[in-house]
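# Report on the structure
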Amino acid sequence: MAGDDVLIGGRGSDILIGGLGADQFVFDIDFNGVDQVLDFSPEQGDTLILEQTRSQLSKLTTNDIKLNSKGELQVRLHDKRWRSIVQLHQPRLTFKIQQSGGRAILRFRTRF
């Protein structure tokens, strides 16, 4: 793929590759499986968008999302359990959350 792509991680465990450009990787946190993004690049403007089929993510904060030492993005669910959503293979990133239309948009940058 080339350019600014939108890639959707559906049900199950998927492998996503956006290629060059500012790609958007979209994940529904209600689906099972841990997806992998093989070429996630904050430097190119790649973002993650989290959605939830059953409700809106309007109350999601940075306390509810973490990137573990393996580079897996995890979300704390309503029952307080942590669930891995996607493997970015980059544990040294920081992010901020932007709420928009019931979605959580995560913008990343490399830690210094």
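Each remark here, short or long, concerns the structure printed above.
Anyway, here's the lowdown on the structure attached to this text.

Procedures and definitions
- Residues numbered from 1 in each chain as written.
- Predicted model: local features only at pLDDT ≥ 70, side-chain atom pairs only at ≥ 80, totals over all residues.
- Heavy atoms only, no water.
- Salt bridge = Lys/Arg side-chain N within 4 Å of Asp/Glu carboxyl O.
- Helix = DSSP H or I, 4+ residues; strand = E, 2+ residues; numbered from the N terminus.
- Buried < 20%, exposed > 50% of the residue type's maximum accessible area, 1.4 Å probe, protein only.
- Core = buried A, V, L, I, M, F, W, Y, C linked by side-chain atoms within 4.5 Å.
- Contact = heavy atoms within 4.5 Å.
- Patch = residues over 30% accessible without salt bridge, like charges linked within 9 Å, V, L, I, M, F, W, Y side chains within 5 Å.
- Areas by Shrake-Rupley, 256 points an atom, 1.4 Å probe, with all protein chains shown as cover.
- Pairing = 2+ DSSP bridges.
- Axes fitted to C-alpha atoms, helices over the stretch in contact; angles between N-to-C directions.

This brings us to the pattern of salt bridges. Per the counting criterion, the structure on display carries two salt bridges. Between glutamate 51 and arginine 103 there is a salt bridge, with its nearest N and O atoms 2.7 Å apart. Of this pair, glutamate 51 sits in strand 5 (residues 47-51) while arginine 103 is found in strand 10 (residues 103-110), placing the two residues 52 residues apart along the sequence. Between arginine 76 and aspartate 64 there is a salt bridge whose closest N-O contact spans 3.4 Å. Here aspartate 64 lies in the loop between strand 5 and strand 6 (65-67) and arginine 76 lies in strand 7 (residues 72-76), a separation of 12 residues in the sequence. According to the relative accessible area criterion, arginine 76 is partly exposed, its value standing at 26%. According to the relative accessible area criterion, aspartate 64 is buried, its value standing at 16%.

Another aspect to go through is the nonpolar core. Residues Phe27, Leu48, Leu50, Leu73, Leu88, Leu106 and Phe108 are the most contacted members of the largest nonpolar core, which totals 23 residues. Secondary structure elements with two or more residues in this core: strand 3 (24-28), strand 5, strand 6, strand 7, strand 8 (82-87), strand 9 (93-100) and strand 10. Among the elements that make up this core, the one with the highest residue count is strand 10 (three residues). When near neighbours in sequence (up to four residues on either side) are disregarded, phenylalanine 27 contacts Gly9, Leu16, Asp35, Val37, Leu48, Ile49, Leu50, Glu51, Ile85 and Val86.

Another aspect to go through is a nonpolar patch on the surface. Among the surface-exposed residues, Ile15, Ile17 and Leu38 lie close enough to one another that they form a single nonpolar patch of about 300 Å² accessible area. Structurally, isoleucine 17 is set in the loop between strand 2 (15-16) and strand 3. Here isoleucine 17 falls in the partly exposed class, since its relative accessible area comes to 47%.

This paragraph deals with the pairing of strand 9. Here eight bridges tie strand 9 to strand 10, and the two strands are oriented antiparallel to one another. Note on strand 10: the bridge partner recorded for glutamine 98 is isoleucine 105. Two successive antiparallel strands, strand 9 and strand 10, enclose a turn made up of two residues, where glycine 101 displays a positive phi of approximately 55 degrees.

Let us look at the sheet that holds strand 9. Strand order across the open sheet formed by five strands is 1-3-5-10-9, with mixed pairing between neighbours. Unpaired on one side and paired on the other, strand 1 (6-9) and strand 9 mark the two borders of the sheet. For this sheet the average axis-to-axis angle between neighbouring strands, irrespective of direction, equals 25 degrees. Note: strand 3 against strand 5, five bridges, orientation parallel. In the sheet register, aspartate 28 faces strand 5, and the bridge partner there is glutamate 51.

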